[in-house]
Amino acid sequence: MSLFTISGSPHVHGEENVKKIMLTVVYAMVPAMLVSIYFFGLDALRVMLIAVGASIFFEYVIQKYLIKGPITITDGSAAVAGILLAFNVPANVPAWMLVAGALVTIGVAKMSFGGLGKNPFNPALVGRVFMLISFPVQMTSWPVAKPLFASHLTDAITGPTALGLLKEGVGAGKTVDQILADPQMPQYLDRLMGNMSGSLGEVSAIALIIGGIFMVIRKVIDWQVPVSIILTVFIMAEIFHLIDPQHYIEPSFHLFSGGLMLGAIFMATDMVSSPMNLSGKIVFGVGIGLITIIIRLWGAYPEGISFAILIMNAFTPLINNAFKPKRFGLVKK
Amino acid sequence: MNKLKTFTIGGVHPHENKLTDQVAIRTLPLPKQLIIPLGQNLGVPPKPIVKKGDEVKTGQLIARGEAFISSNIHAPASGKILKIDDALDASGYRRQAIFLDVTGDEWADDIDTSGTIEREIKLSKSEIVARIKECGLVGLGGATFPTHVKMMIPDGKKAEYLIINGVECEPYLTSDHRMMLEKGDEILVGVSIMMRALDTEKAVIGIENNKPDAIAKLSQLAQSYKGIQIQPLKVKYPQGGEKQLIKACVNREVPSGKLPIEVGCVVSNVGTAFAVYEAVQKNKPLIERVVTITGKNLTHPSNFLVRVGTPISDLIAAAGGMPEDTGKLINGGPMMGKSLSTPDVPVVKGSSGILLLKNEESKRPTPKTCIRCSKCTVVCPMGLEPFLLSKLSKLGLYERAEKEQIMDCIECGSCQFTCPSGLPLLDYLRLGKQKTGQLIRNRK
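Criteria and cut-off values
Residues numbered from 1 in each chain as written. Chains lettered and ligands numbered in written order. Predicted model: local features only at pLDDT ≥ 70, side-chain atom pairs only at ≥ 80, totals over all residues. Helix = DSSP H or I, 4+ residues; strand = E, 2+ residues; numbered from the N terminus. Rg over C-alpha atoms; globule rule 2.2 N^0.38 Å. Contact = placed C-beta atoms within 7 Å. Axes fitted to C-alpha atoms, helices over the stretch in contact; angles between N-to-C directions. Parallel < 35°, antiparallel > 145°, perpendicular 65-115°, else oblique. Left-handed = near helix turned anticlockwise from the far one by under 90°. Nonpolar A, V, L, I, M, F, W, Y, C, P; charged D, E, K, R; others polar. Domains from an automatic or database assignment. Pairing = 2+ DSSP bridges. Expected span 1.5 Å × (residues − 1). Buried ≥ 20, exposed ≤ 12 C-beta atoms within 10 Å, placed from the backbone. pLDDT = per-residue confidence, 0-100. Core = buried A, V, L, I, M, F, W, Y, C linked by C-beta atoms within 7 Å.

### Comments concerning the overall build of chain B
Step number 1: Check the secondary structure of chain B and you find 14 helices and 17 strands.
Step number 2: Its C-alpha atoms give chain B a radius of gyration of 21 Å, within 12% of the compact-globule value 22 Å for 444 residues.
Step number 3: With the C-alpha coordinates of chain B rotated into their principal frame, the extents come out at 65 × 50 × 50 Å.
Step number 4: Look at the contacts in chain B between residues 6 or more apart in sequence, and 73% of them connect residues 24 or more apart.

### Points about the packing of helix H4 (residues 184–198) of chain B against helix H5 (residues 212–222) of chain B
Residues and elements named next belong to chain B.
Step number 1: With their axes 10 Å apart at the nearest point, H4 and H5 run at an angle of 55° to one another. Comparing the axis directions of H4 and H5 gives the class oblique. Along this stretch, H4 crosses H5, giving a crossing that reads as right-handed. Taken together, the residues of H5 that come into contact with H4 (itself represented by Gly-184, Asp-185 and Leu-188) are Lys-217, Leu-218, Leu-221 and Ala-222.
Step number 2: Class assignment of the residues belonging to the contact of H4 with H5 gives a composition of 4 nonpolar, 1 polar and 2 charged.

### A closer look at the domain arrangement of chain B
Residue and element names in this part refer to chain B.
Step number 1: Split by domain assignment, chain B resolves into domain 1 (1–28 + 115–363), domain 2 (29–102) and domain 3 (375–443).
Step number 2: Distance between the C-alpha centres of domain 1 and domain 2: 23 Å.
Step number 3: Contacts between domain 1 and domain 2 engage 30 residues on the former and 25 residues on the latter.
Step number 4: Per-class residue counts for the side of domain 1 that touches domain 2 are 15 nonpolar, 8 polar and 7 charged.

### Topic: the sheet that holds strand S3 (residues 47–48) of chain B
Picture the strands of a sheet paired through backbone hydrogen bonds; they go either parallel or antiparallel.
Step number 1: Taken in spatial order, the 3 strands of this open sheet run S3-S5-S6 (chain B), and their pairing is antiparallel. Bordering the open sheet on either side are S3 and strand S6 (73–74) of chain B, each of which pairs with just one other strand.

### A short note on unusual backbone geometry
Step number 1: With an omega of -5°, the peptide bond running from A:Ser9 to A:Pro10 counts as cis.
Step number 2: Checked against the element boundaries, A:Pro10 lands in the segment before helix H1 (18–40).
Step number 3: The step from B:Tyr237 to B:Pro238 runs through a cis peptide bond, and the omega angle for that step is -5°.
Step number 4: You can see B:Pro238 is positioned in the loop between strand S11 (228–233) and helix H6 (242–250).

### Some points on helix H5 (residues 123–134) of chain A
Residue and element names in this part refer to chain A.
Step number 1: Here H5 spans 16 Å end to end across 12 residues, near enough to the 16 Å set by a 1.5 Å rise per residue.
Step number 2: Those residues of H5 that fall on the buried side of the exposure criterion are Pro-123, Ala-124, Leu-125, Val-126, Gly-127, Arg-128, Val-129 and Met-131.
Step number 3: Buried positions along H5 lie against helix H3 (77–87), helix H4 (95–110), helix H6 (136–139), helix H13 (260–267) and helix H15 (305–322).

### Comments concerning the interface of chain A and chain B
Step number 1: Taken together, the contact pairs 30 residues of chain A with 50 residues of chain B.
Step number 2: Here the side of chain A that touches chain B is built from residues that sort into 14 nonpolar, 13 polar and 3 charged.

### Focus: the environment of A:Phe328
Step number 1: Mapped onto the secondary structure, A:Phe328 falls in the segment after H15.
Step number 2: Each C-alpha atom, one on A:Phe328 and one on A:Glu303, is 42 Å from the other, the two residues being 25 residues apart in sequence.
Step number 3: Once residues within four sequence positions are removed from consideration, A:Phe328 is found in contact with B:Ile9, B:Lys243, B:Glu253, B:Pro381, B:Met382, B:Gly383 and B:Asp408.

### Observations regarding the confidence of the model for chain B
Close inspection of predicted coordinates is inappropriate in any region flagged by low pLDDT.
Step number 1: Averaged over every residue, the pLDDT of chain B is 94; the share at 70 or more is 99%.
Step number 2: Reported for the predicted complex are a pTM of 0.91 and an ipTM of 0.89.

### Some details on the confidence of the model for chain A
Step number 1: When pLDDT is averaged along chain A, the result is 89; 95% of the residues meet or exceed 70.
Step number 2: Taken together, the stretch residues 151–155 of chain A has pLDDT below 50 and engages in 2 contacts with residues farther than four places along the chain or on a different chain.

### Let's talk about the pairing of strand S12 (residues 265–269) of chain B
All names here are of chain B.
Step number 1: Most of S12 is tucked away, with 5 of its 5 residues classed as buried.
Step number 2: Residues of S12 alternate between two faces, with Cys-265, Val-267 and Asn-269 on one and Val-266 and Ser-268 on the opposite face, all of them buried.
Step number 3: Taken together, the 5 bridges between strand S9 (residues 161–166) and S12 define a ladder with parallel strand orientation. Bridging from a neighbouring strand, Ile-163 pairs with Val-267 of S12.

### Regarding the pairing of strand S17 (residues 353–358) of chain B
Residue and element names in this part refer to chain B.
Step number 1: For S17, a buried count of 5 out of 6 residues is recorded, marking the element as mostly surrounded by other parts of the structure.
Step number 2: Where strand S13 (residues 288–294) meets S17, 3 bridges bridge the pair, whose relative direction is parallel. Paired with Thr-292 across the two strands is Gly-353, which belongs to S17.
Step number 3: The pairing of strand S15 (residues 326–331) with S17 spans 5 bridges and is classified as antiparallel. The residue of S17 that forms the bridge with Leu-329 is Leu-356.

### Some thoughts on the nonpolar core
Step number 1: The biggest cluster of nonpolar side chains holds 223 residues, and the ones touching the most others in it are A:Val47, A:Ala51 and B:Leu162.
Step number 2: Take this core: its biggest share by element is 12 residues, from H1(A).
Step number 3: In this structure, A:Ala51 is in contact with A:Gly82, A:Ile83, A:Leu85, A:Ala86, A:Leu98 and A:Ala102, ignoring residues within four places of it in sequence.

Right under this line is the structure:
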């Protein structure tokens, strides 16, 4: 007689799995990858390959020789962390620094907490901030975007980012008009498309938004996180711009420069380190937006989204406890 | 046609796999022996009133439900009582059952076995309830709650709506669908009878949109019945859940821990409505029901009209025999059904379907680590956090689980169905509900 399997219901399973989710994230990053290769050339490809390779390598080595547990590099999460790390560095960063960053990303921020699903902070951001603090010079000398097939040759090899120019200008007491008139300042359309100095993945807002919409449709992220971050930054920037337009630049500048789009769409939405429930996600997003704008307007760094996300990551467990989903049958009295 | 409605929180959409929705109901021949478990209703099992050697006719009372929540059992065929002994039933336990050696199908005299449709309702409110009790009716949707108890509205409450479940949101199952197509008039008379018993002016029959033929058929028939509305619903699991169905049909939310009557609703199922018709208009006790026997590798998946007590193995044989690579045998649908260890258990009043899964379909995904994607929370129709509740249950933190409303879980399985990490969330939730329930009972 044949034996039947006995188990509790449900007896069927949906088609979702971890690998599929990770692959969806990778597909969503393809537009930004292509843009980075277009503007920064083979350097961009080099950085991405090194970061992904090193991330997978470290995860494998740690799982095999330190934890002596199952090897899970095929689930794609190490590759995603690698690409995100690459997105967060300049294209001309030395290889060994990138490898060190990948070690911190995978070894410190991810595996030391127990691997995928256990890390309280976004691993790629931890790696990025480690690199920024350890190698400030190399991490802030940005190659100038040089589109493939471009007719003009530019002499400058590195140049400041739009946010860097802004911070420096404001620090020197210049007005917004004077800062915007700086020849190094990228024009509006360039900022939108990505034709400016910056980290690999952050330059093109358009490419990032396309990826974000793709992830929302595939239900890998909820729109609440990016939208609440972007709206908060926009509103705060607008308020201060209205108060003193010559000291505080218009909000669209903030939206399309620096890592805001990258952070809002790809980093803050990391499932593991962001809150679980929709109301909590909005609180999380607003918090990130506020901290970002505070750092950008009054902080020492020109860019604040990385720190903002990491700080809010720390609040995630508290947010999860405080903001519950809407229960069925909860009567208002 | 009305606009499609549905419930608002959570829900999933598993593959429907309705293999048998176009297969007409056939009557299965009587087996040589029927094994009739006594525990077929929710509540206290009835006491047998026959003994070894007794001759019984089809429809004769053989076990009487004496407790408040209990229901009668009648002989599903005529024959001789072989013994009263323990037998394995679909719950997986050995429990008391009446063994009947079938000699024929001679019906008790006072039962109308003709097929003519009796539309005129002659019985009064209290007579209807008494008849339903006498005929041993239970909810045929699967919960098997005695129907006559449901018809008794507590003092101070009023049933504003009778809501009839024609949703059949479980994949594969089609018995209710076929009943609506083939027994539409009888169902509507049954609904009218229940409306009279409940003093209710309005009845809503909720049917999911994947059964357009049933919606069309009942909508057309319902025009000649007073107060019965057919409500098409968007296909979403678990819409057949009592609370979800009420929300979908009349947009009321049953408070946590309360019964539907709290919001003026009584919920029943189309199969039960048909049984009510037969009991009240034909004096026919509940001794048979429609059972879907289905599975992707069965040669003839079917809908059978089966007498209670028929072994499931007979259904499988009639559907083309047990396929070689059957890995799992399920009593019910794939989302909430119970897996069986053997086909040698009898059909009972609550059996709506038997599903055979292939070996490859029977395997659960390998559990990985939770990636905190919150998909379980998004799909939970009760607005709970399955990832948290399963963790609390694993850690034995039942007090905290109670605060997080673990007892509201309806065990629909949407969380586990959707989990990308393949975690056995519902296994832990069930354990947690058991333990938390103990905790609550001990406190009293």
